[in-house]
Amino acid sequence: MYEQMATLQVMDHIFYEAQRQGRISFYLTSVGEEAINIASAAALSPDDVVLPQYREPGVLLWRGFTLEEFANQCFGNKADYGKGRQMPIHYGSNRLNYFTISSPIATQLPQAAGVGYSLKMDKKNACAVTFIGDGGTSEGDFHAGLNFAAVMEAPVVFICRNNGWAISTHISEQFRSDGIVVKGQAYGIRSIRVDGNDALAVYSAVRSAREMAVTEQRPVLIEAMTYRVGHHSTSDDSTKYRAADEIQYWKMSRNPVNRFRKWVEDNGWWSEEDESKLRSNARKQLLQAIQAAEKWEKQPLTELFNDVYDVKPKNLEEQELGLKELVEKQPQDYPHGFHV
């Protein structure tokens, strides 16, 4: 678990820098929330279906998504499973039971209720697991998802990362309730609040919640208390709306990775040499993955029009033709090596 948390840190740092260098268009880190990512993933079965928000790449990392696969998605090349149609960090993997991320907030929660109910109907020894931030609980889909799962007694584990901020909106401006845990209880869902910066606490809570969901065929909600140390995304500057010393406090004094490392070291399972070797190797692998991803060709432009209709309608054919003519007329406006 610690190795994966440290690797996630390295991955976030390098991809963030790649965006700042203009090599990818967008990125979003999990800084401060690594324990929730990795510990929750470790507590699940590979058969459990994950419906993420967007700050859970560690779950995919734990399940075996390679650094090359992360890089291919962020660069939107021909090896990207989404065919370059999605913005960076919108990962997905059928092989690893990880639904593709979508930008609209909380849409995955009603979907998770449906996935859980499907698993129940098929008598599978698995549950749906879905993630949401505190800001997402202000969306109607949060309430619809919880109510559906409760009424249908669907095996769904709802994990809310209460990190204090919905971009620039503080939780004090989101709700007047005692956090998120009471909202689950209001829908008749067994709910628990846990220290999201304690990897062992998260692991224990998620493992128990999964067991309840599968054996009792019922939903469970976990509110994991944490803090978003990084900016919301590369499009955000969080110093505009929160104090720098507040960020620094959570980065240094409440860091979940440092906290778990200390426990692992105290048990004699980790050393400074292990640390140096792991981070050096992860950095090397990531840089190689990025260099390889940059060299791959991009998807041809025609992929924009595929995979929606069985037979392409006339209006799409007209749009495709118009776009081809535009590219041929103004090739200077498109990247070198761009394929129609």
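Everything below is about the structure shown above.
These numbers were taken from a predicted model, which means no experiment stands behind them.

## What to know about the pairing of strand 7 (residues 220–225)
Inference 1: In terms of residue burial, strand 7 counts as a mostly covered element, since five of its six residues are buried.
Inference 2: For strand 3 (residues 156–162) and strand 7, the ladder comprises six bridges, and the chain directions are parallel. Its bridge partner being in strand 7, R161 is matched across the sheet by A224.
Inference 3: Here six bridges tie strand 6 (residues 190–195) to strand 7, and the two strands are oriented parallel to one another. In the sheet register, R190 faces strand 7, and the bridge partner there is V220.
Inference 4: The handedness of the strand 6 to strand 7 crossover, carried by helix 8 (residues 199–216), is right-handed.

## Digging into the side chain of S191
Inference 1: Following the sequence through the fold, S191 ends up in strand 6.
Inference 2: In this structure S191 comes out as buried when scored by relative accessible area, which is 17%.
Inference 3: Among the polar contacts made by the side chain of S191, one reaches the main-chain carbonyl oxygen of I189 at a distance of 2.9 Å.
Inference 4: If near-sequence neighbours (up to four positions away) are discounted, S191 is found in contact with V181, G184, Q185 and L221.

## Some remarks on the sheet that holds strand 2 (residues 128–133)
Inference 1: As summarised here, the arrangement of the five strands in space is 1-2-3-7-6, forming an open sheet in which the pairing is parallel. Of all the strands in the sheet, just strand 1 (49–51) and strand 6 have a single pairing partner and so form its edges. Neighbour-to-neighbour, the strand axes of this sheet turn through a mean angle of 20 degrees, independent of strand direction.
Inference 2: Where strand 2 and strand 3 come together, six bridges link them in parallel fashion.

Basis of the calculations
- Residues numbered from 1 in each chain as written.
- Predicted model: local features only at pLDDT ≥ 70, side-chain atom pairs only at ≥ 80, totals over all residues.
- Heavy atoms only, no water.
- Buried < 20%, exposed > 50% of the residue type's maximum accessible area, 1.4 Å probe, protein only.
- Helix = DSSP H or I, 4+ residues; strand = E, 2+ residues; numbered from the N terminus.
- Pairing = 2+ DSSP bridges.
- Right-handed = clockwise from strand over helix to strand, strands pointing away.
- Polar contact = N/O pair within 3.5 Å; in protein donor to acceptor, adjacent residues only side chain to side chain.
- Contact = heavy atoms within 4.5 Å.
- Axes fitted to C-alpha atoms, helices over the stretch in contact; angles between N-to-C directions.

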